[in-house]
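Okay, here's what each chain looks like letter by letter:
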Amino acid sequence: MSNRRPGRAAVTGIGVVAPNGLRTDAYWKSVREGLSVLDLISREGCDHLPLRVAGEVRAFDPAALIEDRFLVQTDRFSHFAMVAAALALDDAGLGGEPADPFSVGVVTAAGSGGGEFGQRELQKLWGKGSKFVGPYQSIAWFYAASTGQISIRSGFKGPCGVVASDEAGGLDSLAHAGRAVRRGTDVMVVGATEAPLAPYSMVCQLGYPELSTLDDPDRAYRPFTEKACGFVPAEGGALLVVEDEDRARERGAPVRAVLAGHAATFTGASRWAESREGLARAIHGALDEAGCAPEEIDVVFADAMGVPEADRAEALAIADALGAHGARVPVTAPKTGIGRAHCAAPVLDTVAAVLAMEHGQVPPTPNVFDICHDLDLVMSRARPAELRTALVLSRGLMGSNAALVVRRGDDSAR
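The text that follows walks through the structure, step by step, so that each part is easy to find. (Residues numbered from 1 in each chain as written. Predicted model: local features only at pLDDT ≥ 70, side-chain atom pairs only at ≥ 80, totals over all residues. Heavy atoms only, no water.)

When its secondary structure is counted, the protein chain shows twelve helices and 15 strands. The globule rule puts the C-alpha radius of gyration for 414 residues at 22 Å, and the 20 Å found for the protein chain is close to it. Overall size of the protein chain, expressed as C-alpha extent along the three principal axes, is 65 × 55 × 35 Å. Taking all 414 residues of the protein chain together, 61% fall into the buried category. Partitioning the contacts of the protein chain with sequence separation of at least 6, the portion at a separation of at least 24 is 79%. When the accessible surface of the protein chain is split by element, carbon and sulfur atoms take 51% of a total near 15800 Å². A distance of 2 Å separates the average location of the 41 positive side-chain charges in the protein chain from that of its 52 negative side-chain charges. (Helix = DSSP H or I, 4+ residues; strand = E, 2+ residues; numbered from the N terminus. Rg over C-alpha atoms; globule rule 2.2 N^0.38 Å. Buried < 20%, exposed > 50% of the residue type's maximum accessible area, 1.4 Å probe, protein only. Contact = heavy atoms within 4.5 Å. Areas by Shrake-Rupley, 256 points an atom, 1.4 Å probe, with all protein chains shown as cover. Lys, Arg positive; Asp, Glu negative; His and termini not counted. Charge placed at Lys NZ, Arg CZ, Asp CG, Glu CD.)

With a phi angle near 75 degrees, Asp-166 is a residue other than glycine that sits in the positive phi range. Its place among the elements puts Asp-166 in the loop between β5 (160-163) and α7 (169-182). Judged by relative accessible area, Asp-166 falls into the buried class, the value being 17%.

Let us now look at the layout of surface pockets. Sizing a probe to match a water molecule and rolling it over the atoms shows the empty space that remains. Taken as a whole, the largest pocket encloses approximately 480 Å³ of empty space. In this structure, the largest pocket is lined by 26 residues; those nearest its centre are Ala-110, Gly-111, Ser-112, Cys-204 and Tyr-208. Elements supplying a minimum of two residues to the lining of the largest pocket: α4 (115-127) and α8 (199-205). Looking at the lining of the largest pocket residue by residue, the classes come out as 13 nonpolar, eleven polar and two charged. Taken as a whole, the second largest pocket encloses approximately 200 Å³ of empty space. Lining the second largest pocket are 14 residues, and of these Ala-86, Leu-89, Gly-96, Arg-153 and Ser-154 lie nearest its centre. Per element, the largest residue contribution to the lining of the second largest pocket is five residues, and it comes from helix α3 (residues 76-91). Partitioning the lining of the second largest pocket into residue classes produces seven nonpolar, three polar and four charged. (1 Å grid on protein atoms, 1.4 Å probe; cavity = no way out; pocket = protein on both sides within 12 Å on 5 of 7 lines; lining within 4 Å. Points joined across faces, edges and corners; volume = space filled by probe spheres on them. Nonpolar A, V, L, I, M, F, W, Y, C, P; charged D, E, K, R; others polar.)

Here we come to a nonpolar patch on the surface. Side chains of Leu-122, Leu-125, Trp-126 and Tyr-200 sit close together on the surface and give an oily, nonpolar patch of about 450 Å² of accessible area. With three residues, the top contributor of residues to the nonpolar patch is α4. As for its placement among the helices and strands, Leu-122 is situated in helix α4. (Patch = residues over 30% accessible without salt bridge, like charges linked within 9 Å, V, L, I, M, F, W, Y side chains within 5 Å. Salt bridge = Lys/Arg side-chain N within 4 Å of Asp/Glu carboxyl O.)

With that out of the way, let us pick up empty space enclosed by the protein. Scanning the entire structure with this criterion turns up five cavities of 30 Å³ or more. Each pocket or cavity is described by its volume, and for the largest cavity that value is around 60 Å³. Lining the largest cavity we find Leu-174, Ala-175, Gly-178, Arg-179, Arg-182, Leu-259, Ala-260, Gly-261, His-262, Glu-289 and Leu-404. Residue assignment for the lining of the largest cavity shows that the elements contributing at least two residues are α7 and β8 (257-266).

A few words on the side chain of Gln-73. Its place among the elements puts Gln-73 in the loop between α2 (68-71) and α3. If we ignore the near neighbours within four places in the chain, the residues touching Gln-73 are Phe-117, Tyr-136, Ile-139, Ala-140 and Gln-149.

Right, let's get into the pairing of strand β1 (residues 9-17). Among the nine residues that make up β1, nine are buried, leaving the element largely enclosed by the rest of the structure. Judged from the two bridges that link them, β1 and β8 form a sheet pairing that is antiparallel. The partner of Val-11 across the bridge, within β8, is Ala-257. (Pairing = 2+ DSSP bridges.)

The next thing to look at is the packing of aromatic side chains. Under the counting rule described, the total for this entry stands at two aromatic pairs. Note that Arg-340 overlies the ring of Phe-231, its terminal NZ or CZ placed 5.4 Å from the centroid. (Phe/Tyr/Trp six-rings, centres within 6.5 Å; stacked < 30°, edge-to-face > 60°. Lys NZ or Arg CZ within 6 Å of the ring centre and 35° of its normal.)

Ordered in space as β5-β4-β6-β7-β1-β8-β15-β14-β9-β10-β12, the eleven strands form an open sheet in which the pairing is mixed. The open sheet has two edge strands with one neighbour each: β5 and β12 (376-377). Judged from the two bridges that link them, strand β9 (residues 299-301) and strand β10 (residues 330-332) form a sheet pairing that is parallel. By the bridge assignment for β10, Phe-301 is matched with Thr-332.

The next thing to look at is helix α12 (residues 344-359). Counting along an α-helix, one turn takes 3.6 residues, and residues three or four places apart therefore face a common direction. A rise of 1.5 Å per residue sets the reference length of α12, with its 16 residues, at 22 Å; its end C-alpha atoms lie 22 Å apart and thus fit the reference within 8%. One or two residues past the end of α12 sits Gly-360, with phi positive at roughly 65 degrees. (Expected span 1.5 Å × (residues − 1).)

Looking at where Arg-408 falls in the secondary structure, it is placed in strand β15 (residues 400-408). If sequence neighbours within four positions are ignored, Arg-408 has contacts with Arg-256, Ala-257, Met-357, Glu-386, Leu-387 and Arg-388. For Arg-408, the side chain forms a polar contact with the side chain of Glu-386, separated by 3.3 Å. Among the polar contacts made by the side chain of Arg-408, one reaches the main-chain carbonyl oxygen of Leu-387 at a distance of 3.2 Å. (Polar contact = N/O pair within 3.5 Å; in protein donor to acceptor, adjacent residues only side chain to side chain.)

What follows is about the nonpolar core. Within the largest apolar cluster, 49 residues are counted, with the highest numbers of intra-cluster contacts made by Val-16, Tyr-27, Leu-240, Val-242 and Val-351. The dominant element in this core, judged by the number of residues it contributes, is α12, at ten residues. Residues contacting Tyr-27, with those up to four places away along its chain left out, are Val-16, Ala-18, Asn-20, Gly-21, Ile-338, Leu-348, Asp-349, Val-351, Ala-352 and Leu-355. Counting 48 residues, the second largest nonpolar core, distinct from the first, contains Leu-197, Val-232, Ile-297 and Ala-321. (Core = buried A, V, L, I, M, F, W, Y, C linked by side-chain atoms within 4.5 Å.)

Put into structure tokens, the structure is as follows:
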């Protein structure tokens, strides 16, 4: 813990492992160009399931990136997290052993946990017997595994935690990290990764009526349109380095963005009409914490559930919270090109928001060409724009709602 007076929470490092890119530059190139990488699921044992389309991370070899001693005790979602964390720390100029291990903490969010690892061990249990179940079954599936493994691998001993608050937990984890920094922690590694495409994990998701079961990748996930039929899942995610802004500037690290305001509400599972009020209240709360007027929002990264009732509620919530500006502000949902990676989806959106502000471009919404809501949804191609403040929205299938205001780092007013 530092003795300095805590300042604002600044983003200084980004690490991405996503279906459309294994590093930040590759991810942004795909997002900016509006590419869709949705495809038929290729994972073994999934052929007979009604869920047909998803966003898979295909060119990923954990054995080339993670030490053997961690590989044997971790699931794919933790592999993603450890790699993304290392990329984020390198991006922030904080790779290697920390000078003060107690000054660095870790917080992640997770929804699906280690389903692939758990399925493999359960198959051993029923196929061979209990003696064949490995000792790491007790920890690898657990939603807290990524936080623990990142902290152990990097030698971090600062405040650590796990956020379990539905898909919106991705934004809540960023807020948690920001508040830890404002309480005096120098650095937080924060974000979310998911790996929900093993057969066992997929079966667990099939009870959600919001899930799209179309087998056409170009049509399976089309929010805000008359043909919206649900969402498709994805794996992967992102980790960010968040630290005290003054500390970052003192050590010469570029401040890529500032986490300016956050708020969360709860309106109940699949009560999409009610999510209008809940999401609007979250937006108001985030704006208030950021000291941000509605007209200062330059772009909205939408939750984009892909369910007609949910899409309508989100469009109305934006109008309720932003007033007349809500119909004019550019709105985008780049996740339609990669799928909704549960808790990781809004973290990837936050990364896209930071990159959009850095590059002065609002990325398009892939596979969406005609909308039936009063939104200025960016489609087909990226739109050049002067972007200083972004609003990121997220809702969960169990009823959580969250909003995050992110300011551009190089010209954020104190």
